[in-house]
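Tertiary structure, described
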Amino acid sequence: MKIVYNERHAQHAAQKEFFRGQLVDAFEIPARADFVLQALQASELGPFVPVVDHGRVPLERVHAPAYLRFIEGAHAEWLALGGQGEAFPAVWPIRSLRSDVEPKSFAARMGLYSMDSGSPLTAGTWAAAYWGAQASLTALDLVLAGERSAYCLTRPPGHHAGADFFGGYCFINNAAVTAQAARDAGRQRVAILDVDYHHGNGTQAIFYERADVFFLSIHGDPQTEYPFFLGHADERGAGAGEGFNANYPLPAGASNEQWFEAFEKALVQLNAFAPELLIVSLGVDTYGGDPISHFRLDEPEFRRMGQSLASLQLPTLFLQEGGYATAAIGRNVLAVLAGFETTAQGQPGV
Ligand code: SP5
Ligand code: ZN
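Residues numbered from 1 in each chain as written. Chains lettered and ligands numbered in written order. Predicted model: local features only at pLDDT ≥ 70, side-chain atom pairs only at ≥ 80, totals over all residues. Heavy atoms only, no water.

As for the packing of helix α5 (residues 125-144) against helix α6 (residues 174-184)
We count it as follows: Only the stretch in contact is used when a helix axis is fitted, and all axes are lines through C-alpha atoms; the angle between N-to-C directions ranges over 0 to 180 degrees. Per the convention used, a helix needs a DSSP run of H or I reaching at least four residues, while a strand needs a run of E reaching at least two, with both numbered from the N terminus. Every angle not falling under 35 degrees, over 145, or within 65 to 115 is termed oblique; those three ranges are roughly parallel, roughly antiparallel and roughly perpendicular. Two helices cross in a left-handed way if the nearer one is turned anticlockwise from the farther one by less than a right angle. They cross in a right-handed way if the turn is clockwise. By definition in these notes, contact holds between two residues if any of their heavy atoms fall within 4.5 Å.
Close contact between α5 and α6 brings their axes to 9 Å; oriented N to C, the two are set at 40 degrees. What the angle tells us is that α5 and α6 run oblique. In this structure, α5 crosses over α6, and the sense of that crossing is right-handed. Contacts from Ala129, Gly132, Ala133, Ser136, Leu137 and Leu140 of α5 reach α6 at Asn174, Val177, Thr178, Ala181 and Ala182.

This is the structure:
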């Protein structure tokens, strides 16, 4: 399996995040990708393919240009105002306030373009996120050129970012940018399967009224789990997109049996859609040892996940999302990809 690695990921390196009124050590840190890289280098997977710059246009197919400009300049604005270290929002346009007028105030724009105070924005956030999207687009090129699969190793992750907001450690929605690019390259039906512990609210919202990109997600129930305000089972798409969104919320603490029961149902739905491309938003924060999540998958389950995905016999792009048990991320990601690879090798080409 070819791998595209965003070497600039470490330019986004937050020290702290807000949690219960305190600044605590950040969970989404460069070591996450470093550990995955080490595990991949020690494996049979590869080769590594260099990132190709596809420019800003594919990002603007999903994200509002004004939002992208804001992210690009936000940290410099924060410093100019006397902000220290990483930038955090403090005020949001909640119900009854207007979000259709972009204020001049930096603090106000920070709130306009964000969904939480737990996603620090640093000097290198734009560079890391921009090149992450480019890495994902490069991985897409490989699959469009006939590769059975590809893996994009990047951070920060993307699935919580909406068309015009960041949050949940995410700034550019790599899965959405890549799915849209596949559509623009002529693929008619694209499926995005999100197996991160957290619901991919950004990806869902971007494609909610569309029938050409089917979003499916298995995640912690938003009644108790981040991102709280989206990800319920009754969200099935709207308008032309009715029936092309599927959520499988599971209670925090769900068993592996429950997880795979939901996963297999999602795969049946996905298969019936007959997509020409599968994008997997691969968060491994479903791991039992994850410090901020509450499912119980471990190495055998991650391998089984990869094997089941290969059995769909679809061109498949794996895209790194969450996973915060830093020392175990490499092992867990490798289990998915190696599980996929061993199964895919026994199959005829797609
Ligand atoms: C991509 C992704 O996985 N984003 C997850 C965002 C989760 N944000 C909420 C984090 C809450 C941190 N809880 C700290 C628990 C300390 N014991
Ligand atoms: Zn997550």
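Further notes follow.
Some thoughts on the coordination of the zinc ion (ligand 2)
Basically, it comes down to this: Coordinating donors are taken to be N, O and S atoms lying within 2.8 Å of the metal, or within 3.2 Å when the metal is Na, K or Ca; because water is excluded from the atom set, some sites may appear incomplete. The buried label applies to any residue whose accessible area, calculated with a 1.4 Å probe on protein chains only, is under 20% of its type's maximum; exposed applies above 50%, and partly exposed to all values in between.
Coordination of the zinc ion (ligand 2) by the protein involves Asp196 (OD), Asp196 (OD), His198 (ND1) and Asp285 (OD), with metal-donor separations of 1.9 to 2.8 Å. Read N to C, the donor residues that coordinate the zinc ion (ligand 2) are spaced as D-x1-H-x86-D. Of this pair, Asp196 sits in the loop between β6 (190-194) and α7 (201-207) while Asp285 sits in the loop between β9 (277-282) and α9 (299-311), and the two are 89 residues apart along the sequence. In this pair, the class of Asp196 matches that of Asp285, namely buried.

Observations regarding the pattern of salt bridges
To keep it simple, the criterion reads: Take a side-chain nitrogen of Lys or Arg and a carboxyl oxygen of Asp or Glu: if they are within 4 Å of each other, that pair is a salt bridge.
Scanning the entire structure with this criterion turns up 16 salt bridges. Ionic pairing is found between Lys2 and Glu147, a salt bridge with its closest N-O pair at 3.0 Å. Taken together, the residues Lys2 in strand β1 (residues 2-5) and Glu147 in the loop between α5 and β5 (149-153) connect sequence positions 145 residues apart. A residue is classified by how much of its surface remains accessible, and Lys2, at 24% relative accessible area, is partly exposed. The class of Glu147 is partly exposed, set by a relative accessible area of 26%. Among the ionic pairs, Arg236 bridges to Glu242, the shortest N-O distance being 3.4 Å. A single network of salt bridges, built from pairs that share partners, joins Glu28, Arg32 and Arg155.

Some words on the site of ligand 1
Inclusion rule: The rule for a residue being near a molecule or strand is that one of its heavy atoms must lie within 4 Å of it. Under this definition, polar contacts are N or O atom pairs within 3.5 Å; protein pairs additionally need one hydrogen-donor-capable and one acceptor-capable atom, and for neighbouring residues in sequence, both atoms have to be side-chain atoms. Residue classes follow a fixed rule: Ala, Val, Leu, Ile, Met, Phe, Trp, Tyr, Cys and Pro count as nonpolar, while Asp, Glu, Lys and Arg count as charged, and any other residue, Gly among them, counts as polar.
Within the structure, ligand 1 sits among 16 residues, and His160, Gly168, His198, Asp285 and Tyr324 are positioned closest to it. In this structure, a nitrogen atom belonging to ligand 1 sits 3.3 Å away from a side-chain N or O atom of His160. The contact in question runs from a nitrogen atom of ligand 1 to an N or O atom on the backbone of Gly168, over 3.0 Å. Partitioned by chemical class, the residues of the shell around ligand 1 number eight nonpolar, five polar and three charged.

Looking at the sheet that holds β5
As a reminder, the rule being used: When DSSP finds two or more bridges between two strands, those strands count as paired.
One open sheet holds the eight strands; their spatial order is β4-β1-β5-β10-β9-β6-β7-β8, and the pairing between them is parallel. Two strands bound the open sheet, and with one partner strand each, they are β4 (48-49) and β8 (245-250). Pairing between β6 and β9: five bridges, direction parallel. For Val190, the partnering residue across the bridge sits in β9 and is Leu277. Along the sheet face, helix α1 (residues 30-41) touches β1, β4, β5 and β10 (316-320) and points at about 140 degrees away from the line of β5.

The analysis is restricted to geometry; functional conclusions fall outside its scope.
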